[in-house]
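Read off the chains here:
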Number of protein chains: 2
Amino acid sequence: MRDVAERAGVSPKTVSNVLTGSAQVREPTRLRVEQAMRELDFVPNLSARGLRNGRSGVIGLAQPDLRAAFSASMTHAVVEAAHARGLVVQVEETAAEPAREHDLVTRARTHLIDGMILNPVRLQDSVVEHLDHLPPIVLIGEVEQHRTDRVFINSRSAAREAVQHLIARGARRIVALGGAEHGAGLDKATQGQRLRGYLAGLAEAQLPARPELQVEVPEWTIAGGAAGMREVLERGVEFDAVLAFTDSIALGAMHELRSWGGRLPEDVLVCGFDDVEHASFAGTPLTTIAFDHQAYANAALDLLTSRMRDRGLPPRAQEIPYELLARASTQGPPAGFSGKNSPI
Amino acid sequence: MRDVAERAGVSPKTVSNVLTGSAQVREPTRLRVEQAMRELDFVPNLSARGLRNGRSGVIGLAQPDLRAAFSASMTHAVVEAAHARGLVVQVEETAAEPAREHDLVTRARTHLIDGMILNPVRLQDSVVEHLDHLPPIVLIGEVEQHRTDRVFINSRSAAREAVQHLIARGARRIVALGGAEHGAGLDKATQGQRLRGYLAGLAEAQLPARPELQVEVPEWTIAGGAAGMREVLERGVEFDAVLAFTDSIALGAMHELRSWGGRLPEDVLVCGFDDVEHASFAGTPLTTIAFDHQAYANAALDLLTSRMRDRGLPPRAQEIPYELLARASTQGPPAGFSGKNSPI
DNA sequence: ATGAAAGCGCTAACAG
DNA sequence: CTGTTAGCGCTTTCAT
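By convention here, each chain's residues receive numbers from 1 onward along its written sequence. Numbering of ligands from 1 and lettering of chains from A proceed in the order in which they are written. At least 70 in pLDDT is required for a residue's local features to be given in this predicted model, at least 80 for side-chain atom pairs to be given and counted, and no such filter applies to totals for whole chains, interfaces and linings, which use all residues. Calculation of side-chain values draws on the structure's entire complement of heavy atoms; hydrogens and water are dropped beforehand.

## As for the overall build of chain A
Strands here are runs of E lasting at least two residues and helices are runs of H or I lasting at least four, both read from the DSSP assignment and numbered beginning at the N terminus. Looking only at helices and strands, chain A features 13 helices and 14 strands. Its C-alpha atoms give chain A principal-axis dimensions of about 85 × 40 × 30 Å. Residue burial in chain A is summarised as follows: out of 344 residues, 58% are buried. Across chain A, every contact between residues at least 6 apart in sequence was considered, and the portion connecting residues at least 24 apart equals 71%. Under the convention used here, a 1.4 Å probe and the Shrake-Rupley method define accessible areas, while residue burial counts only the protein chains that appear. Here chain A displays about 13900 Å² of accessible surface, and carbon together with sulfur accounts for 48% of that area. Partly exposed residues are those whose accessible area sits between 20% and 50% of the maximum for their type, while under 20% is buried and over 50% is exposed, using a 1.4 Å probe and protein chains only. What makes two residues a contact is simply this: any of their non-hydrogen atoms within 4.5 Å.

## Some points on the relation of the copies chain B and chain A
The copies are overlaid by a least-squares fit using only the C-alpha atoms of residues whose pLDDT is at least 70 in both copies. Take chain B, turn it by 180°, move it 0.0 Å along the axis, and it overlays chain A with an RMSD of 0.1 Å. In the structure described here, the two chain copies are related by an operation that fits a two-fold rotation axis. Taking C-alpha positions as reference, the residue of chain B nearest the rotation axis is Gln90 of chain B, located at 2.0 Å.

## Focus: the pairing of strand E6 (residues 174-178) of chain B
Residue and element names in this part refer to chain B. The element E6 is largely enclosed, with a buried count of five among its five residues. The pairing criterion is simple: DSSP has to find at least two bridges between the two strands. The sheet contact formed by E6 and strand E9 (residues 241-244) spans four bridges and is parallel. Opposite Ile174, over in E9, you have Ala241 as the bridge partner.

## A short note on the protein's contact with DNA strand C
Being near a molecule or strand, for a residue, means having at least one of its heavy atoms within 4 Å of it. Every one of the 22 residues lining DNA strand C counts as a neighbour, but Ser11 and Thr29 of chain A together with Met1, Asn45 and Arg49 of chain B are closest to it. Within 4 Å of the protein, the contacting atoms of DNA strand C are 71% sugar and phosphate, with bases supplying the remainder. A 3.5 Å cut-off defines polar contacts: any pair of N or O atoms within that distance qualifies, except that in protein one atom must be a possible hydrogen donor and the other a possible acceptor, and neighbouring residues in sequence count only when both atoms are side-chain atoms. In this structure, a phosphate oxygen belonging to DNA strand C sits 2.8 Å away from a main-chain N or O atom of Asn45 of chain B. Contacts to DNA strand C include Arg49 of chain B, whose side-chain N or O atom sits 2.6 Å from a phosphate oxygen. Taken together, the elements giving at least two residues each to the surface near DNA strand C come down to helix H2 (12-20) and helix H4 (46-53) of chain A together with helix H2 (12-20) and helix H4 (46-53) of chain B. Here the surface near DNA strand C gets four residues from one element, more than from any other, and that element is H4 of chain B. Of the residues contributing to the surface near DNA strand C, the split by class is seven nonpolar, nine polar and six charged. Gly falls in the polar group here, along with every residue not listed as nonpolar (Ala, Val, Leu, Ile, Met, Phe, Trp, Tyr, Cys, Pro) or charged (Asp, Glu, Lys, Arg).

## What to know about the environment of Arg160 of chain A
All names here are of chain A. Counting through the fold element by element, Arg160 comes out in helix H8 (residues 155-168). When the C-alpha positions of Arg160 and Gly201 are compared, they lie 4.4 Å apart, and in sequence the two are 41 residues distant. In this view, Arg160 contacts Gly197, Tyr198, Ala200, Gly201 and Glu204; residues no more than four positions away in its chain are not counted. Separated by 3.3 Å, the side chains of Arg160 and Glu204 make a polar contact.

## With respect to the nonpolar core
Put simply, a nonpolar core is a bunch of buried Ala, Val, Leu, Ile, Met, Phe, Trp, Tyr and Cys residues held in one set by side-chain atoms that sit within 4.5 Å of each other. Judged by nonpolar contacts, the single largest core of 161 residues is most densely connected at Phe239 of chain A together with Phe239 of chain B. Take this core: its biggest share by element is eight residues, from helix H5 (residues 69-84) of chain B. Setting aside residues no more than four positions away along its own chain, Phe239 of chain B makes contact with Arg173, Val175, Leu213, Met229, Val232, Leu233, Leu257, Val268, Gly336 and Phe337 of chain B.

## A closer look at the protein's contact with DNA strand D
In the region of DNA strand D, 22 residues are neighbours, and Met1, Lys13 and Arg49 of chain A together with Ser11 and Thr29 of chain B sit closest. Near-protein atoms of DNA strand D (within 4 Å) split between backbone and bases, with sugar and phosphate holding 68%. Measuring from a phosphate oxygen of DNA strand D, one finds a side-chain N or O atom of Arg49 of chain A at 2.7 Å. Ser11 of chain B is positioned with one of its backbone polar atoms (N or O) 2.7 Å from a phosphate oxygen of DNA strand D. Elements that contribute at least two residues to the surface near DNA strand D include exactly H2 and H4 of chain A together with H2 and H4 of chain B.

## A closer look at the interface of chain B and chain A
Taken together, the contacts link 50 residues of chain B with 50 residues of chain A. Note on definitions: buried area is the accessible-area loss of two parts on being combined, 1.4 Å probe, summed for both. Of the roughly 4600 Å² buried between chain B and chain A, counting both surfaces, carbon and sulfur atoms make up 63%. We define a salt bridge as a side-chain nitrogen of Lys or Arg found within 4 Å of a carboxyl oxygen belonging to Asp or Glu. Counting across the chain B and chain A interface gives zero salt bridges. Elements represented by at least two residues in the side of chain B that touches chain A include exactly H4, H5, strand E2 (88-93), helix H6 (100-106), helix H10 (222-235), helix H11 (247-259) and helix H12 (277-280) of chain B.

## As for helix H13 (residues 293-309) of chain B
Helical geometry note: an α-helix holds 3.6 residues per turn, so side chains three or four residues apart project in the same direction. Residues and elements named next belong to chain B. By definition here, a helix of n residues has an expected span of 1.5 Å times n minus one. For H13, which comprises 17 residues, the first-to-last C-alpha distance of 24 Å matches the rise-based estimate of 24 Å (1.5 Å per residue) to within 8%. Buried within H13 we find His293, Tyr296, Ala297, Ala299, Ala300, Leu301, Leu303, Leu304, Thr305, Ser306 and Arg307. You can read the cap of H13 off the contacts: a side-chain oxygen lies 2.9 Å from the backbone nitrogen of Gln294, and it is on Asp292.

Structure below.
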């Protein structure tokens, strides 16, 4: 920067002013400086700026599994939203090792970022414990605490609505694919809310909650969904609908159902969550809970940047509206299906 | 850090030594320092370290569209590979605005990263021009220049093999979904190679290359694939196979074909590229060109880190092997199909 | 509107 | 094995 200043016949401070626009610089001076920057192919050193300013212009985005379609959509939306605000995004993945989610918020690296958007699998408490020593954090997903900023859709109500929809289309024995009461089901963030909504929906319709129709899916991917569906089918119980906790899970389930000879939606109705791109392009277009991913990301960034400006703000929660999108996969009534009646 | 040093009764340098492990520190001293760090909840400032060392520990990963399934898979693999090497990943998206790809390599922000993995859409030259003033770059995909490090699969040969496979299964009129000779087809990186392979495969079998069976797909997404397929169908020409340039394109094409009444694979064979997760879970499991995404990412990171260590290395290219995975979508022979004979 | 000086937190070089 | 000194490149006082 000194070189640029010398070449333009000004002081380093003036170059800095030109760069940041923080102070007015007279037109001719500015042009000279810009000229010099170009000639020397100067680019400011962001580490130095970060050191001086205490801000790096980088935010972190941590998600369980980057391969999942919803994560990909979210990453895209966050990168766009960040770009619009002059920020860049550093991505992290928490599912690979159980300790990573915890590490992430505690570890040193944290301090190259100005803030963080975290989609927690289960950990909520240990994040919150350390809150004072951490950069600003926005939680995305349905978290049961009120000490950090968060963006969410009302998953519980959405799941209940999905169950109502399935029942209205003739379903009576609905599989919950993604969480079970027995097991860690209710403890986990998003999973817990969707499971609660499922149970509430059944209760309202005075249908029993059957443990044999609930199954956990450790990995919320297509393969995970297929494996979960297989587990249910191998139990040999009858069911006539599936509420999958994400669209990826739903796609895996539909594949597995078909390979056991199930017809969709004639035998089984399927509903997903998130409305990712391939939901509408599936063999049987998938009914799902849709919401605006970009609006979700924008809200997260607004919360984050406002907190970066003022850490003293009270914790805020912003709800994003959702909508049940009925497609072919829930065109009932379903005849019902079980693993037993099929040859595989 | 000075506070930690004081509390532990040592000099800042010793704290630094404990942190980096760069010099031996006696056990009791180290323990005292670690104790002090814990008590003060000390985390090193990475901007300062970056400023001092000239390295930030961050690498950039730039891809055209983060929503695409292949990008998501690649992001996952790169994050894993980076993590294993003590690096973190900053993601960028180049497709949203045409200028971004160019900006990215020229712009200021570049200088917070130690290196960059770039999946170029078309730009190869302007990257290479500025090579001296840029951080180390590894190109992924099939780029026609030999001045940067790159990782690639032999897309040309893979596309040729796919065409041979389709022909062996009885196809004669194969649609190229993703690139056309007329238009920018051959100029673009990956697209050009796949198109060339397609043409070579046809030529070998002494089949004519029909322009009406080639179509560009600006967005390599499911929706883009569907739109491209619709364009061909609206032309009303007959065809009996589709070579889609990515699996996402293939999924969109299959959806569109079905909605026009086409049966897969009875009427039309379909082959994709990349073997993303949902290829094998599609309604009709998709034949595709498969390769090890993690090996691909590992290779990219090995090239990048070795160049970060020594910028004087000659440019290297590393080829990753691929394999044609024949699934149900190319179970021939196909009867043939055209937009005309269907009611939509 | 521009300049001079100081310092953000860390580590390389050297000395002891 | 540990301490001292200096400076990475930038921006923020405070002067002019």
